[in-house]
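# Summary of structural features
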Amino acid sequence: MKPDVATQPGGQSLSRRVYSLTQRHRHWFFIGPALLILLTVVIYPIVFSTGVSLFRVTFASTSRPFVGLQNFERMLGNDDFLQSAYNTLYYVVFSVSGSFLLGFGAALLIRRISRGRNILRLVLIIPITMAPIVVGLMWNWMLDPLFGLINWFLGLLGIPGQTLLAQASTARLMVVLVDIWQWYPLVFLIIEAGMATLPRAPYESARLEGVSSWMIFRRITLPLLRPVILVALLLRTVDAFRTFDIVRVMTDGGPALTTETLSLYLYRTAFTFNKLSRAAAGSILMLLVIGLISAMMFRFLYKDIEVG
Amino acid sequence: MKSLKTVLLLLFVFSLCLPLVSAQDSFPLTDPATGARPYEGRELRIINTEVVPILAYEHEILDPAYEEASGVTLIYENMAHSDLLPRIQTTCAAGGDDFDIMFVEDGWAGALAALGCLEELDGLYLAAPGDSHPEDFTARAFGTVAMAKEKWVGIPTLVAVGMFAYRTDLFGDPDEQAAFQEAYGRELTVPQTWEELAEVGEFFTRPEDELWGFNYRYGTPNNILFDYMIHFGFSRGVDFFDADFNPLFGTEAAIDTANFFVGQDFLALQPPGRESYQFGEVLQNFTQGKVAMYGTESWAIPLLLDPEASVVAEHTAFAPIPGWRNPETGEIQSALLSAGPAYMINAHISDEQKQLAWDYLQLAHGKEFARLLADQRGAGHRVSVLTDPDLVAKWPHLTANFEAMKVGIGRPAEPWWPEAENAIGRALQEIAAGGDAASLMADANADIVEIVEDAGYYDEGIAYVSVVQREEFVCAKMAELGLDHDECM
Amino acid sequence: MVVPVRERALSYAILTAMAVLVLIPVLAGSLTAFKPQIIWISSPPVWFFEPTLENFEFVLITRQNWLHLRNSLIISIGSVVIALVLGVPAAYGFARFRFRGSKGLMQWLISLRMIPPIVVGLPFYAMFLFLERATGLGLRDTHFGLILTYQTFLLPLVIWMMRGYFVELPAAMEESAMVEGYTRIGALRRVVLPVVWPGIVATALLNFIFAWNEFFLALILAGNNTSTLPMAAGTYVVRARVEWGNLFAVNLIIMMPVIVLTIFLRQQLVKGLTFGILE
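Note that the structure is a prediction, hence the values are computed from the model and not measured. (Residues numbered from 1 in each chain as written. Chains lettered and ligands numbered in written order. Predicted model: local features only at pLDDT ≥ 70, side-chain atom pairs only at ≥ 80, totals over all residues. Heavy atoms only, no water.)

### A word on unusual backbone geometry
Residue and element names in this part refer to chain B. Cut-off, in case you're wondering: Going along the chain from the N terminus, every DSSP run of H or I of four or more residues is numbered as a helix, and every run of E of two or more is numbered as a strand. Under the scheme applied here, a residue whose accessible area is under 20% of the maximum for its type counts as buried, over 50% as exposed, and between as partly exposed, the area being computed with a 1.4 Å probe on protein chains only.
Here His 133, not a glycine, exhibits a phi torsion of approximately 45°, which is positive. Checked against the element boundaries, His 133 lands in the loop between helix 5 (122-127) and helix 6 (139-145). A positive phi angle is found at Lys 149, which is not glycine, with a value near 50°. Along the chain, Lys 149 turns up in the loop between strand 4 (147-148) and strand 5 (151-152). The exposure class of Lys 149 is partly exposed, given its relative accessible area of 31%.

If you want it as C-alpha cells, here you go:
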C-alpha cells in the first residue's frame, strides 16, 4: 500500500478503486492467514464428525450406509453415555464452583498481606504449570491406600486407612478435589490480576460514608469484577467439561463407571470399541451442549464488555 | 584399596557383559550359509508396551545381540498398555505403515484381522523357517495367541498362565501352622480350592499388622473380567459364549462365581483399595509383603524373584491356582488360561520390510531365545523349554505352566470383543460396589447380545470359535506347513 | 489499605496452608525420583536415603525418553512460534479495524477454545491420511502435523490475549509513525511491537505451557517420531506395575522447564491471564 496512490487525481480511476477496495478490506490482510488455518483445523473436523455421525462407520467397515440420526438415538439411549454425561456435569458443577471459591478466597487474602506475597503467589501457581497427567499420577501416589502419604499421615493421627479412590461412593469426589487442587490457582491469578486494576475512587467514597466492608465487597468489588469473574468461570467450565487426562490416569473411569467423563467414554467408544460413528454423534452432542453453555455465559460477559 | 575397588568394579561390569557375549554367540548371522548381512543398515520399527518384565529382558539382552548380528537398528515406540490398542487400531484402519511389528494381545487379534493389517506368516515361514518353530507351542497357546481364527499371524512373545504366588515364610512358619490347625482343624497348606482359599485368606488377614490374605485385580473392566474368568469362572464351568454366540454370563454358574469372586466376604480378605487395583498395585502389595498369597501370571515371575524389586523375593514360591471341587465327581477343576501377546507383522509395509521383520521374529523370538529367557528369568512358553529337564530342575513351576498351556482357555478374538469385555467387566465392578449379582449379570448379558447383534453376527450366522476348534485350526495349519505337532496325532 | 493485625495473621496462616498443600505432594513426589527401586514405595515412607540418579539415567537413556524430550521441545516451541506468527497480526487486525462481523468473529474465536479435543482428534487422523493418499504430503507422525493440530487451541488464545494488548495501545501511536512516512507494517514493527513485547512473552509462555502439557491430541496423533513427554509418563503406569521412581523422574523432567519459565515470566503471566479483557 503506497500512500501516494491516494493522492492521485481522478477520483474514480481504476487504481483509486483498487486502493479503496484494499483499504476497506485491509483487515483481511492481517486476519486472513490465521482465519484460514483455523477454518482448516477447526471447521473441517466438525464437518467431518457431523458427516461421520450420520453414517454407520467403523474402522473395519467397507460399506458405510446412511443411517440418519440413528447414532444420536443410540447414544442418547445408552446408559453408559448418560452416566458419563452425568459424571461430567458433576465435574463441571463441583470442580468449577470449588476452584472458584478457593481461588477467589485466595485472591482476597493475598491482598491483605504485603511481605512474601510474591513467593506465595509463585508457589500457588505451581499446579497450573504441571501437566494434568502428571498431577493425576502424583495424587494416585499420594492417595494409595497402603503406601500413600495421606494414609500414612492419617495413620499417625490414629485414623484408619481410607480407600478414597477405590470406593464408588468417593472416587468421583476425589478426582474433583484433585482437579480443584490443580485449577483454583488459575482462578486466583485471574481474579487477583483483575483486582489490581480496580479503581480506587469508589472505595474511598464508600469508606467515607461508613459502608461496611461486606457491603463494599458486594456493591463495589463484585460488580466491578464481573467480567473477570466470568472469564474465570468460562475457562474453568470449558476445561472441566472436557476432563480427560486426569481421569484417564487416576481411575480410568472406574470403579463401576462412577468417574467416567464424556471425553473418556467417547475416546473408548471410538478407538477401543471401534464405533466411530457413535463416538462422532456423541462428540457432536457434547459440542452442542458446551456451545449452549458458553453462549449463555457470553451473553453475560458481553453485557459489560464491548468487543471488536 | 582403591585399586581393589577398581578391579572389583571391572569384574562386576564384566560379569554384566557375560550374558551378552553368550547371547551373541547363540545368534547365527542372518544368512548362516554365506555369513552375509542382507539387512545391514536397515531399521525395524516395533510398537510395544514396555511394562512387562520379560520384555525388559528382551531389550537388555536380546536386542543388542540381534542388532550386533544383523546390523539392523531396532526402533521401539512404547505406549502405555491401555493406549496401545487404540493406536494400533487407528493406524491399521488407515492402512498406515508407521511400524513393522506390533505387540498384539490375544483379545485384539480379531479386531485387527478384520482391518486387514495382520500379515499371514505362511509364505514368510516357508521361504525361511529359521528358528521360528511354530510347532514348539502347545496347540491351545498357539491357537489363542498366534492365530486369528484359521490364519497364522504371529509369534508369541510370551504366554501368560495363571499362577499362584505365596509366601514361604508364612506358610512354613511352625507357629502359623499350629495356629491354623487349632482354628480350622486341618493343616495349613497352599489352598487348592476356593473354599480353602477363603479360609487361608481369612486366617492371614490381619489389618492391624498390615497383612491381608490375597489380592486380585478389580480395577478395570478388562482386569476384573480376566481374574473372574481365569481364576474362578472357567473352573466352575463358566464360558464366554455358546456355539451360536449367545453370551453365557447370565447363567447360574456365572452368577455363583460372581457372588463368590466379587462378593463382600471375599473382598474383605484383600487389602483396602482392592476395588481400584490393577496388576501393578496387586503386584506391589505382594512385593512389599502386604499379602500372604496372590493370583498372578507367569510373566511376572522374573519380577517377583528379583530382590531389587521385591522385599519378599527370597520367600516367594509358586503353585497352581486354586480350583472348584465338583460336587458330583469330587474332582478339583482348575481354571486355566493361555493368553498373552504375540508379535505380529503389519500387512501394510513393503515386502522387503516384511522379510526383515520376519528375520527378526524368527531369530529373536525363536527357540534359542526362549531357552535363554527361561534359563535366566524362569519364564517359558515353548514346549521345548517347558519340558527341558535341566530347566525344570532349575524352575520347578515350568511343569505346571506346561500343563496349564495344554488345557488353558483363551479369550474370544472377535472384532467387538473389547466392547463386550467392557460391558461384563463393568457389571462385575458394580457388584463389587454392592450391586445385586443376578440382575447386573443378566443386564450385562443383554448388553453383550446387543453388541453381537450390532456387529451383524446373528444375521450372518457366524459361529463361536471354541477352544477345540482353535486346536483344529492349529493342527490344520501345521499340516499345511508340513510340520508335526505332538498334540495333532 | 490498612489491614488489622489479626486479619493479616489469619491471611498469612491460610495462604501458607494452601502453599503447603501445593508443596507437599510436589516435593514428596519429586523425592521419589531420587530413590532406589526397592523404596520407590514403602510403608511407612522412607525419608532419608542415599539419593541416586539411576532413575533419570534409566528413563532418559535406557528407555530413550530424551527423544520424547526432544519431540516435546520441537512441537511446543514450533506450535507457539506458528501461533504467534499467525495470531499476532490477526490480533492487531481485530484491535485496529472495525468491520462487519468482527465482533461475531471474536466471539467465535474464543468459543473455539471450548471445543473438546475428542471432536478434532479423529478427523485429523483421517484428514492427514487423505492428504497423504491424495497428494503424497505426509503429515502423519510428523512434528509439523502435530504443530498444525495444536493450533486449534493455541491460535484462538494467542489472538485473544494479544488483542487485549493492542487495544491498550492508543491508535495514535502508529498513526503518528505513519505520518512520519512509515507504512502500516513498518509502524507495526518499529513502534508497536517493541511496546507490546511483554505481552507477546506472556502469551508465548502460557501457550507453551498448554502445548507442553497437551496429552489428548498427542495420544491419538503422535507416533514413533513425535511421541511427547506426557505420553512417555504414561508408559510407567498401568498394567504390569507402576514404576514410581521412573515415573517421577519423567514428571520432574516435564515440570522443571515450565516452572523455571514461570519464575522468570511470572509478572507477564499474571497480566496475560486476564486475556486483555480488563482494558
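Following the structure, the description resumes.
### With respect to the nonpolar core
Cut-off, in case you're wondering: Working definition of a nonpolar core: buried Ala, Val, Leu, Ile, Met, Phe, Trp, Tyr and Cys residues. They are joined through side-chain atoms within 4.5 Å. An automatic or database domain assignment is the source of the domain bounds shown. In what follows, residue pairs with any heavy atoms lying within 4.5 Å of each other are defined as contacts.
If you look at the biggest cluster of nonpolar residues, it comprises 287 residues, and the most contacted ones within it are Met 102, Trp 152 and Tyr 360 of chain B together with Ile 159 of chain C. In terms of domain composition, this core takes at least three residues from each of domain 1 (5-53) and domain 2 (70-304) of chain A. Those residues in contact with Ile 159 of chain C that sit more than four places away from it in its chain are Ala 34 and Leu 38 of chain A together with Gly 87, Ala 90, Ala 91, Phe 94, Met 106 and Leu 109 of chain C. Listed in part, the 62 residues of the second largest apolar core include Phe 214, Phe 240, Phe 266 and Trp 416 of chain B.

### With respect to the interface of chain A and chain B
A common way to state how big an interface is: give the accessible area lost once the parts meet. Applied cut-off: Whenever a carboxyl oxygen of Asp or Glu lies within 4 Å of a side-chain nitrogen of Lys or Arg, that contact is scored as a salt bridge. Whenever two N or O atoms come within 3.5 Å, that pair is a polar contact, provided that in protein one can donate a hydrogen and the other can accept it, and provided that, for residues adjacent in sequence, both atoms are side-chain atoms. Residues are grouped as follows: Ala, Val, Leu, Ile, Met, Phe, Trp, Tyr, Cys and Pro are nonpolar; Asp, Glu, Lys and Arg are charged; every other residue, Gly included, is polar.
With 28 residues of chain A in contact, the opposing surface of chain B contributes 30 residues. Asp 80 of chain A serves as the salt-bridge partner of Arg 426 of chain B, at 3.5 Å between the closest nitrogen and oxygen. Linking chain A with chain B are 10 residue pairs in polar contact (both at pLDDT 80 or more). Sorting elements by how many residues they give to the side of chain A that touches chain B places helix 13 (residues 262-272) of chain A first, with 4 residues. Each residue belonging to the side of chain A that touches chain B can be placed in one class, and the counts come to 14 nonpolar, 4 polar and 10 charged.

### Overview of the environment of Ala 280 of chain A
Structurally, the position occupied by Ala 280 of chain A is in helix 14 (residues 276-304). Counting along the chain gives 14 residues from Ala 280 of chain A to Leu 266 of chain A, while the straight-line C-alpha distance between them is 8.0 Å.

### A few points about the sheet that holds strand 3 (residues 101-105) of chain B
All names here are of chain B. Let me state the cut-off plainly: Strands are labelled as partners when DSSP assigns at least two bridges between them. Only the contacting stretch of a helix is used when fitting its axis, a line to C-alpha atoms as for every element, and angles between N-to-C directions run 0 to 180 degrees.
If you walk across this open sheet you meet the 5 strands as 2-1-3-12-6, and the pairing is mixed. The open sheet terminates on both sides in strands that have one partner only, identified here as strand 2 (73-78) and strand 6 (154-156). Taken pair by pair, the neighbouring strands of this sheet meet at an average axis angle of 25°, ignoring direction. For strand 1 (residues 43-48) and strand 3, the ladder comprises 2 bridges, and the chain directions are parallel. By the bridge assignment for strand 3, Ile 47 is matched with Met 102. Together, strand 1, strand 2, strand 3, strand 6 and strand 12 (341-345) form the strand contacts of helix 15 (residues 351-364), whose direction differs from that of strand 1 by roughly 65°.

### Digging into helix 5 (residues 117-135) of chain C
All names here are of chain C. Rules: Take the residue count of a helix, subtract one, and multiply by 1.5 Å to get its expected span.
Look at helix 5: 26 Å from first C-alpha to last across 19 residues, which is about the 27 Å you get at 1.5 Å a residue. All of the buried residues along helix 5 are Pro 117, Ile 118, Val 119, Val 120, Gly 121, Leu 122, Pro 123, Phe 124, Tyr 125, Met 127, Phe 128 and Leu 129. Directly after helix 5, the chain includes Gly 136, whose backbone phi takes a positive value near 75°.

### Some points on the interface of chain A and chain C
Just so we agree on the cut-off: As a working definition, buried area equals the accessible area (1.4 Å probe) given up by two parts on being put together, with both sides summed.
Across the contact, 92 residues belong to chain A and 100 residues belong to chain C. When chain A packs against chain C, close to 8,900 Å² is buried across both sides, 80% of that on carbon and sulfur atoms. At the boundary of chain A and chain C, one finds 1 salt bridge. One can count 8 residue pairs in polar contact (both at pLDDT 80 or more) joining chain A with chain C. With 20 residues, the top contributor of residues to the side of chain A that touches chain C is helix 3 (residues 26-53) of chain A.

### A look at the sheet that holds strand 8 (residues 293-297) of chain B
All names here are of chain B. Strand order in this open sheet of 3 strands is 8-7-9, and the pairing throughout is antiparallel. The sheet terminates laterally at strand 8 and strand 9 (316-319), the two strands that pair on one side only. Across this sheet, the average inter-strand angle for adjacent strands is 35°, counted without regard to direction. Two strands pair when backbone bridges link them, and strand 7 (residues 162-167) and strand 8 are joined in this way by 5 bridges, in the antiparallel orientation.

### Re the environment of Asn 285 of chain B
Mapped onto the secondary structure, Asn 285 of chain B falls in helix 13 (residues 279-287). Given a relative accessible area of 1%, Asn 285 of chain B falls into the buried group. Along the backbone, Asn 285 of chain B and Leu 372 of chain B are 87 residues apart, and their C-alpha atoms lie at a distance of 29 Å. Contacts of Asn 285 of chain B, omitting those with residues within four sequence positions, involve Leu 146 and Phe 147 of chain A together with Asn 215, Pro 271, Tyr 277, Lys 290 and Val 291 of chain B.

### So, the packing of helix 5 of chain C against helix 6 (residues 143-168) of chain C
Residue and element names in this part refer to chain C. Quick note on the threshold: Crossing handedness is defined as follows: a turn of the near helix away from the far one that is anticlockwise and smaller than a right angle gives a left-handed crossing, while the clockwise case is right-handed.
Contact geometry for helix 5 and helix 6: axes closest at 11 Å, N-to-C directions at 145°. The handedness of the crossing between helix 5 and helix 6 is right-handed. Listed contacts from helix 6 to Val 120, Phe 124 and Phe 128 of helix 5 are Gly 145, Leu 148, Thr 149 and Thr 152. When the residues that make up the contact of helix 5 with helix 6 are grouped by side-chain class, the tally is 4 nonpolar, 3 polar and no charged.

### Observations concerning the environment of Leu 206 of chain C
Structurally, Leu 206 of chain C can be placed in helix 8 (residues 184-213). Residues Leu 206 of chain C and Val 80 of chain C, 126 residues apart in the sequence, show an inter-C-alpha distance of 9.4 Å.

### Digging into the pairing of strand 7 of chain B
Residues and elements named next belong to chain B. With 6 of 6 residues buried, strand 7 is to be regarded as a mostly interior element. The two faces of strand 7 match: Gly 162, Phe 164 and Tyr 166 on one face and Met 163, Ala 165 and Arg 167 on the other face are all buried. Two elements, strand 7 and strand 9, share 4 bridges in a ladder whose sense is antiparallel. Of the residues in strand 9, the one forming a bridge with Phe 164 is Ala 319.

### Side note on the confidence of the model for chain B
Regions with low pLDDT carry predicted coordinates that are not meant to be interpreted in detail. Residues and elements named next belong to chain B. The condition is simple: Per-residue confidence from the predictor is reported as pLDDT, a score between 0 and 100.
The pLDDT averaged across chain B works out to 85; a share of 91% of its residues lies at or above 70. Low pLDDT (under 50) marks residues 11-29, which in the prediction has 19 contacts with non-local residues, meaning those over four places away or in another chain. In the predicted assembly, ipTM is 0.84 and pTM is 0.86.

### Looking at the packing of aromatic side chains
Which entries qualify depends on this criterion: For this analysis, a ring pair means two rings from Phe, Tyr or Trp (six-membered ring only for Trp) whose centres lie within 6.5 Å, classed as stacked if their planes differ by under 30 degrees, edge-to-face if by over 60, and tilted for the remaining angles. Geometrically, a charge over a ring is one whose NZ (Lys) or CZ (Arg) sits within 6 Å of the ring centre while staying within 35 degrees of the ring normal.
This model, assessed by the stated rule, comprises 63 aromatic pairs over all chains. Ring geometry for Tyr 166 of chain B versus Phe 171 of chain B: centroids 5.3 Å apart, planes at 75°, classification edge-to-face. Residue Tyr 166 of chain B shares its accessibility class with Phe 171 of chain B, and that shared class is buried. Site record: aromatic cluster; members linked through ring pairs are Trp 194, Phe 214, Tyr 216, Tyr 218, Tyr 228, Phe 232, Phe 260, Phe 261 and Phe 266 of chain B. In this structure, Arg 172 of chain A packs its charged tip against the face of Tyr 90 of chain A, placed 4.8 Å from the ring centre. Against the face of Phe 203 of chain B rests Arg 206 of chain B, its NZ or CZ located 5.1 Å from the ring centre.

### Some thoughts on the domain arrangement of chain A
Residues and elements named next belong to chain A. Segmentation of chain A into domains returns domain 1 (5-53) and domain 2 (70-304). The gap between the C-alpha centroids of domain 1 and domain 2 is 38 Å. For the pairing of domain 1 and domain 2, the buried interface totals around 470 Å² over both sides, and the portion due to carbon and sulfur atoms is 68%. For domain 1, the biggest contributors to the area lost against domain 2 are Ser 49, Val 52 and Ser 53; these three give 78% of the whole. The tally of links between domain 1 and domain 2 comes to 0 salt bridges. Put simply, domain 1 and domain 2 have 2 residue pairs in polar contact (both at pLDDT 80 or more) between them. Taken together, the residues that form the side of domain 1 that touches domain 2 break down as 2 nonpolar, 3 polar and no charged.

### What to know about the side chain of Asn 251 of chain C
Summarising the element assignment, Asn 251 of chain C is placed in helix 11 (residues 244-264). What Asn 251 of chain C contacts, discounting residues up to four positions off in sequence, is Val 134 of chain A together with Ala 233 of chain C.

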